[in-house]
Amino acid sequence: MSTATESVNFAGLDACHQQMQLHLTDLEALAQAFEAKGSDPEVKEKAQAIESFFSSAARKHHQQEEKEVFPALLASGHTELADLILTLRQDHGWIEENWIELAPQLSAIASGNFWFEAAEFQHAVEVFLALCRNHLALEETRIYPQAIALMALAKA
């Protein structure tokens, strides 16, 4: 039995998750620093790094999951697993939708342009953090282990 998960680099996916966690921690700290003192060079630099990562690497990561991990799990015939994949796909949509709101605000912070309401920014950060952290936890505790097991079974 051959599956698409056979060629998946789970170490790379896990490494990206670790980078996401670090950037989420930085985003949380940035939001607190921005609220407390506004923008300084360190806040601007962090805002640029966070915006760049989530606009590129994180999006590519989600695309890779959609293409290489989810299809084989959906085809496995496990109803609970299929339901989890559908939840994760929905999460990807919600994360992207929230990111479309948050990314321009981070770009504005990085350039010293504050056209947005601080409370709006704080809310967008809180939502993004919750969405991403819950999503990562589900992938790491349920989906990746199932995908790795399916890959091992396919090799046997």
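Residues numbered from 1 in each chain as written. Predicted model: local features only at pLDDT ≥ 70, side-chain atom pairs only at ≥ 80, totals over all residues. Heavy atoms only, no water.

Colleague: I'd like to hear about a negative patch on the surface, residue by residue, with values.
Modeller: On the surface, E97, E101, E117 and E120 cluster together into a patch of negative charge. Inspection of the secondary structure puts E117 in the loop between α4 (79–111) and α5 (118–155). (Patch = residues over 30% accessible without salt bridge, like charges linked within 9 Å, V, L, I, M, F, W, Y side chains within 5 Å. Areas by Shrake-Rupley, 256 points an atom, 1.4 Å probe, with all protein chains shown as cover. Salt bridge = Lys/Arg side-chain N within 4 Å of Asp/Glu carboxyl O. Lys, Arg positive; Asp, Glu negative; His and termini not counted. Charge placed at Lys NZ, Arg CZ, Asp CG, Glu CD. Helix = DSSP H or I, 4+ residues; strand = E, 2+ residues; numbered from the N terminus.)

Colleague: With reference to specific residues and values, describe the state of the cysteines.
Modeller: Evaluated as defined, the whole model comprises zero disulfides. For C16, which is in no disulfide, the shortest distance to another cysteine sulfur is to C132 and amounts to 11 Å. We classify C16 as buried; its relative accessible area is 9%. In this structure C132 comes out as buried when scored by relative accessible area, which is 6%. (Disulfide = S-S within 2.5 Å. Buried < 20%, exposed > 50% of the residue type's maximum accessible area, 1.4 Å probe, protein only.)

Colleague: A description of the nonpolar core should follow, citing residues and the corresponding values.
Modeller: The tendency in soluble globular proteins is for nonpolar side chains to be buried as a group. Residues F54, L102, L106, F121 and F128 are the most contacted members of the largest nonpolar core, which totals 28 residues. Going through the elements one at a time, α1 (10–37), α2 (41–55), α4 and α5 are the ones with two or more residues in this core. Every residue in contact with L102, bar those within four places of it in the chain, is listed here: L27, F121, A124, V125 and F128. (Core = buried A, V, L, I, M, F, W, Y, C linked by side-chain atoms within 4.5 Å. Contact = heavy atoms within 4.5 Å.)

Colleague: Outline the packing of α4 against α5, listing residues and values.
Modeller: Where α4 meets α5, the closest approach of the two axes is 9 Å, and the angle between their N-to-C directions is 150 degrees. In terms of orientation, α4 lies roughly antiparallel with respect to α5. Handedness of the α4/α5 crossing: left-handed. (Axes fitted to C-alpha atoms, helices over the stretch in contact; angles between N-to-C directions. Parallel < 35°, antiparallel > 145°, perpendicular 65-115°, else oblique. Left-handed = near helix turned anticlockwise from the far one by under 90°.)

Colleague: So what about the pattern of salt bridges? Which residues, and what values?
Modeller: The final tally for this structure, using the stated rule, is five salt bridges. Residues E28 and R133 are paired through a salt bridge, measuring 3.2 Å at the closest nitrogen-oxygen approach. Taken together, the positions of E28 in helix α1 and R133 in helix α5 put the pair 105 residues apart, joining distant regions of the chain. For R59, the salt bridge goes to E96, with nearest N and O atoms at 2.6 Å. Taken as a pair, R59 in helix α3 (residues 57–74) and E96 in helix α4 lie far apart in primary sequence, 37 residues in all.

Function cannot be inferred from these measures alone, as they are strictly geometric.
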